[in-house]
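These are the residues of each chain, in order.
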Amino acid sequence: LVGDECPPDSQVLGRATWTFLHTMAAYYPEKADTKQQDMMKSLLTSFSHFYPCGRCASHLRGEMSRHPPPVDTRTNLSIWLCQTHNKVNVMLGKDEFDCSKLDERWRDGPKDGRCSWAQDIEY
Ligand code: FAD
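Residues numbered from 1 in each chain as written. Predicted model: local features only at pLDDT ≥ 70, side-chain atom pairs only at ≥ 80, totals over all residues. Heavy atoms only, no water.

### Overview of the overall build of the chain
Moving on, step 1. Scanning the chain for helices and strands turns up 6 helices and 0 strands.
Moving on, step 2. Computed over C-alpha atoms, the radius of gyration of the chain comes to 15 Å, within 12% of the 14 Å expected from 2.2 N^0.38 for 123 residues, which places it in the range of a compact globule.
Moving on, step 3. With respect to the three principal axes, the spread of C-alpha positions in the chain is 45 × 40 × 25 Å.
Moving on, step 4. Within the chain, buried positions represent 34% of all 123 residues. (Helix = DSSP H or I, 4+ residues; strand = E, 2+ residues; numbered from the N terminus. Rg over C-alpha atoms; globule rule 2.2 N^0.38 Å. Buried < 20%, exposed > 50% of the residue type's maximum accessible area, 1.4 Å probe, protein only.)

Have a look at this one:
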């Protein structure tokens, strides 16, 4: 009940935000056209200014200026996000995620089909 009534803390917000970012990348076009690339660049830039955790946003802006997000393909964007998330994981003392498992985690689900109920997202 508390989870539905109280504003999110940085953990809840972080988890929900990564879910959004990785899922968005998982459904990004295999080959994005110029307009789609511009929109994604603009979304990520705006996001890095308005994400409501100052030190997280500042960390992301630093990362984006050192390693600009590749917005040309679904695979490149997904891997960049995975690597960026892994840098945060390392900073927080968490395990790194295996980026070869991205599609299984965020789009297709495990091969045994136990998550097939979740596959109701369309692009
Ligand atoms: P999360 O790290 O939120 O991960 C959620 C799920 O994503 C995991 O259960 C796993 O299945 C999957 N996952 C994990 N790693 C990857 C990966 N590399 N690629 C794909 N999937 C993965 N917190 C701070 O304290 N300091 C910060 O500076 C900070 N910066 C952040 C910057 C951004 C842009 C965001 C979105 C969040 C940031 N956070 C920061 C929050 C932090 O990353 C976590 O979201 C929070 O600590 C909750 O962690 P969690 O263990 O629930 O899992």
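Still to come is the rest of the account.
### Focus: the site of the ligand
Moving on, step 1. What surrounds the ligand is a group of 21 residues, the closest being Trp-18, Cys-82, His-85, Lys-94 and Arg-105.
Moving on, step 2. The contact in question runs from a nitrogen atom of the ligand to an N or O atom on the side chain of Asn-89, over 3.0 Å.
Moving on, step 3. Within the complex, the protein chains bury 87% of what would otherwise be the 960 Å² of accessible surface of the ligand.
Moving on, step 4. Taken together, the elements giving at least two residues each to the shell around the ligand come down to helix H2 (10–26), helix H4 (54–66), helix H5 (74–91) and helix H6 (102–108).
Moving on, step 5. Class assignment of the residues belonging to the shell around the ligand gives a composition of 10 nonpolar, 7 polar and 4 charged. (Near = heavy atom within 4 Å. Polar contact = N/O pair within 3.5 Å; in protein donor to acceptor, adjacent residues only side chain to side chain. Areas by Shrake-Rupley, 256 points an atom, 1.4 Å probe, with all protein chains shown as cover. Nonpolar A, V, L, I, M, F, W, Y, C, P; charged D, E, K, R; others polar.)

### Quick look at the state of the cysteines
Moving on, step 1. If you walk through the whole model with that rule in mind, you get 2 disulfides.
Moving on, step 2. Between the sulfur atoms of Cys-53 and its disulfide mate Cys-56 the distance is 2.0 Å. Handedness here is read from the sign of the S-S torsion; for Cys-53 and Cys-56, about 60°, the answer is right-handed.
Moving on, step 3. According to the relative accessible area criterion, Cys-53 is buried, its value standing at 11%.
Moving on, step 4. Given the relative accessible area of 31%, Cys-56 is considered partly exposed.
Moving on, step 5. A sulfur-sulfur distance of 2.0 Å marks the disulfide that ties Cys-82 to Cys-99. Negative torsions about the S-S bond denote left-handed disulfides, and the value of about -95° found for Cys-82 with Cys-99 makes this one left-handed. With Cys-82 in helix H5 and Cys-99 in the loop between H5 and H6, this pair connects stretches of sequence that are 17 residues apart.
Moving on, step 6. With a relative accessible area of 23%, Cys-99 lands in the partly exposed category.
Moving on, step 7. Regarding the disulfides, the chain carries the connectivity 1-2, 3-4 under sequence-order numbering of its bonded cysteines.
Moving on, step 8. The closest cysteine sulfur to the non-disulfide-bonded Cys-6 is located on Cys-53, 19 Å from its own sulfur.
Moving on, step 9. As a non-bridged cysteine, Cys-115 has Cys-82 as the owner of its nearest cysteine sulfur, 18 Å distant. (Disulfide = S-S within 2.5 Å.)

### Things to note about the packing of H4 against H5
Moving on, step 1. Taken N-terminus to C-terminus, the directions of H4 and H5 make an angle of 130°; their axes are 12 Å apart at the nearest point. One way to sum up the angle between H4 and H5 is to call them oblique. Seen from above, H4 lies across H5 with right-handed handedness. Of the residues in H5, those touching H4 at His-59, Leu-60, Glu-63 and Met-64 are Trp-80, Thr-84, Lys-87, Val-88 and Met-91.
Moving on, step 2. For the contact of H4 with H5, the residue count by class is 5 nonpolar, 2 polar and 2 charged. (Axes fitted to C-alpha atoms, helices over the stretch in contact; angles between N-to-C directions. Parallel < 35°, antiparallel > 145°, perpendicular 65-115°, else oblique. Left-handed = near helix turned anticlockwise from the far one by under 90°. Contact = heavy atoms within 4.5 Å.)

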